Amino acid sequence: MARTVRFHEYGGPEVLRVENVPVDEPGPGEVLVRIEAVGLNRAEALFRSGVYIEQARSFPARLGAEAAGVIESLGEGVTGFHAGQAVSVIPTFSMNDYGVYAEHAVVPAAALIARPETLDAVEGAAVWMPYLTAYGALSQIGGIRPGDTAVITAASSSVGLAAIQIANRLGAVPIATTRTRAKKDALLKAGAAHVIVTDEDDLAAGILEHTDGSGADVAFDAVAGPGVTDLASAVATDGTLILYGALSGQPTPYPGFDLGMPALNMRTFLVHEITRNPERLRVAVAFIGTGLRDGTFTPTIDRVFALGDIADAHRHMEQGAQFGKLVAAVC
């Protein structure tokens, strides 16, 4: 039996229960991992609430797609890994099929990355979702180049902070946005070239000021909603507006119509575009791994909760006050 987080109905953090559940044996192409730490993501809060891009097929449902741990056993046909190996679990699968909020979890071998010795379990659970998301969007989709400007909204999130580091590593200029002044100094310390406080400053005017009027080459947006019109108005000609989140909770228009039909490249993005594409994933893991080894990339961890306090962790996540990644340690 393993302590496992499940929910029996949609709702707030209070629906999460830590229950003793039998441990499955890994099937063909699968691996059984003893989980040491779990990376928390807004996708799980949305899945728990019933407003994610997919619904739970049945109850009770599991959740979680990012973790770090040690391999306990291998299913038939799994090669390249061995029992006792430290690994990270990355989001390649549906939470309807697998879930890592648990002491033990069966996951597909394709979702495993060997964990560098430089990372402990908490760091190993905090790296891959944010850095794969940021690198995939900025480099592999946005095609950002040295000297380009990247606007990063909700920049105090784990993905936003990873995007700042990645933009700097690629030779680009990261412009961070945040709602309140409270996080401005921390974002500058984290590597942002400029910070726009959206509760005080005009977003589009700020972007144009920091780009000498040319606009951002890439806008990496976690907010969406009506604000995309202002953001899009400060994207450079032939630039790209990438939407990877919907924190506003409001409908998102196509701003090209309101802006007089400019040549606007606008697309949504999911990390699965990288994690489910072997060649893209190989390139991304190599790039991120190099940054982890030389110290260029350092995950920012806001707080570590115990697995038994998972409901409190979700409450903290939904308050939106964190700076960096939330992790649940499996003790």
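The preceding data block contains the structure.
Below or above, wherever it landed, is the structure these notes cover. A quick note: this is a predicted structure, and the numbers were derived from the prediction, not measured. (Residues numbered from 1 in each chain as written. Predicted model: local features only at pLDDT ≥ 70, side-chain atom pairs only at ≥ 80, totals over all residues. Heavy atoms only, no water.)

Further remarks concern the sheet that holds strand β13 (residues 235-243). Within the open sheet, the 6 strands sit side by side as β11-β10-β9-β12-β13-β14. Their pairing is parallel. Two strands lie at the open edges of the sheet, namely β11 (194-197) and β14 (265-268), each paired on one side alone. For this sheet the average axis-to-axis angle between neighbouring strands, irrespective of direction, equals 15 degrees. Pairing of strand β9 (residues 149-152) with strand β10 (residues 173-178), which is carried by 4 bridges, proceeds in the parallel orientation. Within β10, the residue paired with Thr-149 across the bridge is Val-173. Contacting β9, β12 (216-221), β13 and β14, helix α3 (residues 128-141) crosses the sheet at an angle of about 150 degrees to β12. (Pairing = 2+ DSSP bridges. Helix = DSSP H or I, 4+ residues; strand = E, 2+ residues; numbered from the N terminus. Axes fitted to C-alpha atoms, helices over the stretch in contact; angles between N-to-C directions. Contact = heavy atoms within 4.5 Å.)

Turning our attention to helix α1 (residues 42-49). Among all positions in α1, only Ala-43, Glu-44, Ala-45, Phe-47 and Arg-48 are buried. Those residues of α1 hidden inside the fold are in contact with β1 (2-7), β2 (16-21), β3 (30-39), β4 (61-62) and α10 (310-319). Immediately beyond the C-terminal end of α1, within one or two residues, lies Gly-50, with a positive phi of roughly 85 degrees. (Buried < 20%, exposed > 50% of the residue type's maximum accessible area, 1.4 Å probe, protein only.)

What follows concerns the side chain of Thr-275. Here Thr-275 lies in helix α8 (residues 272-275). Here Pro-91 takes part through its backbone oxygen, which lies 2.7 Å from a polar atom of the side chain of Thr-275. The contact partners of Thr-275, leaving out residues within four places of it in the chain, are Ile-90, Pro-91, Thr-92, Leu-132 and Leu-281. (Polar contact = N/O pair within 3.5 Å; in protein donor to acceptor, adjacent residues only side chain to side chain.)

What follows is about the pairing of β10. In terms of residue burial, β10 counts as a mostly covered element, since 5 of its 6 residues are buried. For the crossover that starts at β9, traverses helix α4 (residues 158-169) and ends in the parallel β10, the hand is right-handed. For β10 and β11, the ladder comprises 4 bridges, and the chain directions are parallel. Bridge pairing in β11 links Thr-178 to Val-197. The parallel pair β10 and β11, bridged by helix α5 (residues 184-189), forms a crossover whose chirality is right-handed. (Right-handed = clockwise from strand over helix to strand, strands pointing away.)

Quick look at the packing of aromatic side chains now. This structure, assessed with the given rule, holds 10 aromatic pairs. A centroid spacing of 5.8 Å and a plane angle of 90 degrees characterise the contact between Phe-7 and Phe-47, whose relative ring orientation is edge-to-face. Taken together, the positions of Phe-7 in strand β1 and Phe-47 in helix α1 put the pair 40 residues apart, joining distant regions of the chain. Neither Phe-7 nor Phe-47 differs from the other in exposure class; each is buried. Measuring from ring centre to ring centre gives 6.2 Å for Phe-47 and Tyr-52, while their planes differ by 80 degrees; the resulting arrangement is edge-to-face. Put simply, the rings of Phe-7, Tyr-10, Phe-47, Tyr-52 and Phe-59 pair up and form one aromatic cluster. The aromatic ring of Phe-287 is capped on one face by Arg-169, whose charged end is 5.9 Å from the ring centroid. (Phe/Tyr/Trp six-rings, centres within 6.5 Å; stacked < 30°, edge-to-face > 60°. Lys NZ or Arg CZ within 6 Å of the ring centre and 35° of its normal.)

In this section: the sheet that holds β4. Reading across the sheet, the 3 strands line up as β2-β1-β4 and stay open at both edges, with antiparallel pairing between neighbours. The sheet is open, and its two edges are formed by β2 and β4, each paired on a single side. The pairing of β1 with β2 spans 6 bridges and is antiparallel. Considered in β2, the bridge of Val-5 is made with Val-18.

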